[in-house]
Amino acid sequence: MGKLRSKNINYKGLVIHCQQNGGLICLTDMWKAAGSVKSQELDKWLIQRRICEWLLELVLEAKLELKPVVERTFAEQPVANSGCKKYRAWASQVRKLAKDVGLISIQGGIGGGTYAIDKIAIEYAESLSTEFRDWARNAVKERIEEQVDPELGIRRSRQRAVKNWEKQGKSREYIGARLDSIPKEDFYEAALYEHGVQVPLHFAHCKARVYQPIIGTTEDFRTARGLKKRQNCKDGMTMEELAATDFAKVLSAKRINTLNPNGVSSCASISHSTAQQVANLLNQ
């Protein structure tokens, strides 16, 4: 099956990304969302002795057969402080063990960062601002609940969306249309994912190419409709524009699945040419 919409978390309009496979949470995004305070940088947190010892305990919980390795690593722990080269090498070894068992993941390139399991994410949040810590406890707790009961997540998401649209003064008809567009968006994203588009920035690029023939560039559209810099363009669309972009995405997905391209460039090109045909129909 294709890719399902990721369970990213939103904090005051800032996205905290979660990996598609395994659901690891981006600690780098958490640091940025909490204000990018230098003294709270992730590398400084991860190198702390108590955190390294705790990570070793988590490694043992995750893979009991690594007990000899964990015990040996504990025994090799240098007495020196975290500034010492020998200690830093030991802390790096601990982090590698955590990566090897899937507790931590490093994603390079655009949209990259350090990702970790929920338990580590909550612990890191404790070291950040009080406001962010309190929010994170709640948000990650809800996320864990929704992993156990996916329908609960869908209901909560719909309820939050409807409340936000009502605050924006949207009509009942518009809200219904937005809810109807969600599976169409998922269908399009699934087709992109199956054909090599798997980075958030690349998804955004393909969507921008779908929108361009119908509403113009996303940047100009947001400015013209009074939307915030990264606000969803759909928030400013008319019912006709919403229907047209939804149709363009569904048709693009079908063509991508039929033509079987690979990569962001080919998928974006198909999306744009398909949307251009939809736009031509609207202008007739």
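Residues numbered from 1 in each chain as written. Predicted model: local features only at pLDDT ≥ 70, side-chain atom pairs only at ≥ 80, totals over all residues. Heavy atoms only, no water.

### What about the environment of W45?
Reasoning step 1: Along the chain, W45 turns up in helix α2 (residues 42-46).
Reasoning step 2: Exposure remark for W45: the relative accessible area of 2% places this residue in the buried category.
Reasoning step 3: When the C-alpha positions of W45 and A125 are compared, they lie 11 Å apart, and in sequence the two are 80 residues distant.
Reasoning step 4: What W45 contacts, discounting residues up to four positions off in sequence, is R50, I51, W54, I120, E123, Y124 and S127. (Helix = DSSP H or I, 4+ residues; strand = E, 2+ residues; numbered from the N terminus. Buried < 20%, exposed > 50% of the residue type's maximum accessible area, 1.4 Å probe, protein only. Contact = heavy atoms within 4.5 Å.)

### Side note on the pattern of salt bridges
Reasoning step 1: Scanning the entire structure with this criterion turns up 14 salt bridges.
Reasoning step 2: The residue D100 makes a salt bridge to K96 at a minimum N-O spacing of 3.0 Å. With D100 and K96 both in helix α5 (residues 85-100) and 4 residues apart, this pair spans about one turn of that helix. (Salt bridge = Lys/Arg side-chain N within 4 Å of Asp/Glu carboxyl O.)

### Some words on the environment of V278
Reasoning step 1: Mapped onto the secondary structure, V278 falls in helix α13 (residues 264-282).
Reasoning step 2: Among all residues touching V278, those that are not within four sequence positions of it are I214, A244, F247 and A248.

### Structural notes on the confidence of the model for the protein
Reasoning step 1: Per-residue confidence for the protein averages 88 on the pLDDT scale, and 92% of its residues sit at or above 70.
Reasoning step 2: Mean pLDDT across the elements of the protein bottoms out in helix α7 (residues 130-148) (75) and peaks in helix α12 (residues 239-259) (96).
Reasoning step 3: Confidence drops under a pLDDT of 50 for residues 1-5, and excluding neighbours within four residues, the segment shows 15 contacts in the predicted structure. (pLDDT = per-residue confidence, 0-100.)

### Brief notes about unusual backbone geometry
Reasoning step 1: Here the phi dihedral of S36 falls at roughly 55°; this positive angle occurs in a residue that is not glycine.
Reasoning step 2: Its location among the elements puts S36 in the loop between α1 (27-33) and α2.

### Quick word on the packing of aromatic side chains
Two aromatic rings are characterised by how far apart their centres lie and by the angle between their planes.
Reasoning step 1: In total, this model carries 5 aromatic pairs according to the counting rule given.
Reasoning step 2: Taking 4.7 Å as the distance between ring centres and 55° as the angle between the ring planes, the aromatic pair formed by Y11 and W135 counts as tilted. One end of the pair, Y11, is in strand β1 (residues 9-11); the other, W135, is in helix α7, with 124 residues separating them in the sequence.
Reasoning step 3: Judged by centre distance (5.3 Å) and plane angle (40°), the ring pair of F132 and W135 falls under tilted. One end of the pair, F132, and the other, W135, are both in helix α7, 3 residues apart, so they sit about a helical turn from each other.
Reasoning step 4: W135 gets classed as partly exposed once you look at its relative accessible area, which sits at 22%.
Reasoning step 5: Directly above the aromatic system of Y174 lies the positively charged group of K170, at a separation of 4.7 Å from the ring centroid. (Phe/Tyr/Trp six-rings, centres within 6.5 Å; stacked < 30°, edge-to-face > 60°. Lys NZ or Arg CZ within 6 Å of the ring centre and 35° of its normal.)

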